[in-house]
Amino acid sequence: MAGDDMADRSNRKAKWEAIRRFVETGVQDPGRLALLSFLAGRLERVRLMHSLEFSDIGVKLSTRRSGLWPRVLYEGFIRGVPIPDPILFVAAMVDDDAPIDVVLDFDGVEEAEWYARVAYRDARDPRLDPERAKVELRAAIDRALDIYQAAREQLDSSFIEMARRDIERLSAELRSLSAAGTGPAAEGNAGAPREEGRDDGT
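Calculation notes
Along each chain, residue indices are assigned from 1 in the same order as the chain's sequence is written. Local features are withheld for residues below a pLDDT of 70 in this predicted model, meaning they are given only at 70 or higher, and side-chain atom pairs are given and counted only at 80 or more; totals for whole chains, interfaces and linings count all residues. In computing side-chain properties, one takes all heavy atoms of the structure into account and sets aside hydrogens as well as water. Strands here are runs of E lasting at least two residues and helices are runs of H or I lasting at least four, both read from the DSSP assignment and numbered beginning at the N terminus. We call two residues in contact whenever any of their non-hydrogen atoms come within 4.5 Å of each other. Partly exposed residues are those whose accessible area sits between 20% and 50% of the maximum for their type, while under 20% is buried and over 50% is exposed, using a 1.4 Å probe and protein chains only. The arc in question is formed by the directions pointing from the helix axis toward the C-beta atoms. Buried Ala, Val, Leu, Ile, Met, Phe, Trp, Tyr and Cys residues that are joined via side-chain atoms within 4.5 Å together make up what is termed a nonpolar core. Between N or O atoms, a polar contact is any pair within 3.5 Å; within protein, one atom must be a potential hydrogen donor and the other a potential acceptor, and residues adjacent in sequence are included only when both atoms are from side chains.

## Comments concerning the environment of Y120
- Residue placement: Y120 occurs in the loop between α4 (113-116) and α5 (130-154).
- A sequence separation of 73 residues divides Y120 from R47, and the C-alpha atoms of the two residues are 7.5 Å apart.
- Excluding residues within four positions of it along the chain, Y120 makes contact with L48, M49, H50, D125, R127 and L128.

## Observations concerning helix α2 (residues 30-40)
- Along α2, the residues classified as buried are G31, R32, L35, L36, F38 and L39. Down the axis of α2, the sector holding all buried residues measures 155°, keeping them to one side. For α2, the exposed residues lying more than 90 degrees away from the buried face are P30 and S37.

## Remarks on the nonpolar core
- Residues L35, L48, F89 and Y115 are the most contacted members of the largest nonpolar core, which totals 31 residues.
- When residues of this core are assigned to their parent elements, the largest contribution, 4 residues, is made by α2.
- For F89, the contacting residues outside a window of four places in its chain are L35, I57, G58, V59, Y74, F77, I78, I83 and I100.
- Counting residues in each nonpolar core, the second largest holds 11 residues, with L145, A151, I167 and L170 among its members.

## Quick look at the side chain of D96
- Locating D96 in the fold gives a position in the loop between α3 (86-93) and β5 (100-105).
- By relative accessible area, D96 is classed as buried at 16%.
- A distance of 2.9 Å separates a polar atom in the side chain of D96 from the backbone nitrogen of A98.
- Discounting chain neighbours no more than four positions away, the residues touching D96 are R45, I57 and R79.

Pasting the structure below:
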């Protein structure tokens, strides 16, 4: 659809801008420049991250001048196998269509809005699999509704308030996922609990 194509183009443009800005932070060696050029030519496969903890294929590039010594300028791995050189990483991934998770680390990354806008938390970020995240959120809302209903029946005000807050928080997360254009608007149990009880007549 036209909307999806526009979102894809915008996302690729944001990733390209992030790579360009990262190069300007001080990448000068041929190996890392070659790797960044390779990634820039495959933006549809690149997923910028804050962490590679759960990644299957990952690269971390750093231009930090502060922090621990010695500084690690490059780290790469493919399905658990460390790749010691960026050129070797490129060679190994030329014919591989799998996603490549990339962490760009530089002085001030924590405050860089241009990176935060396009980077995921890690490979388990709900935005990477929004439909699964919605299913999990709806299941959590159902559990919170069960707690809320049981607390009402026992007139336990502390549990009622706790369950109400959980339902509101989970519903807000579900609405946020839907509003991000990841699928149809949420239906069913999303929203604050109704005083008249569940639809099943309980």
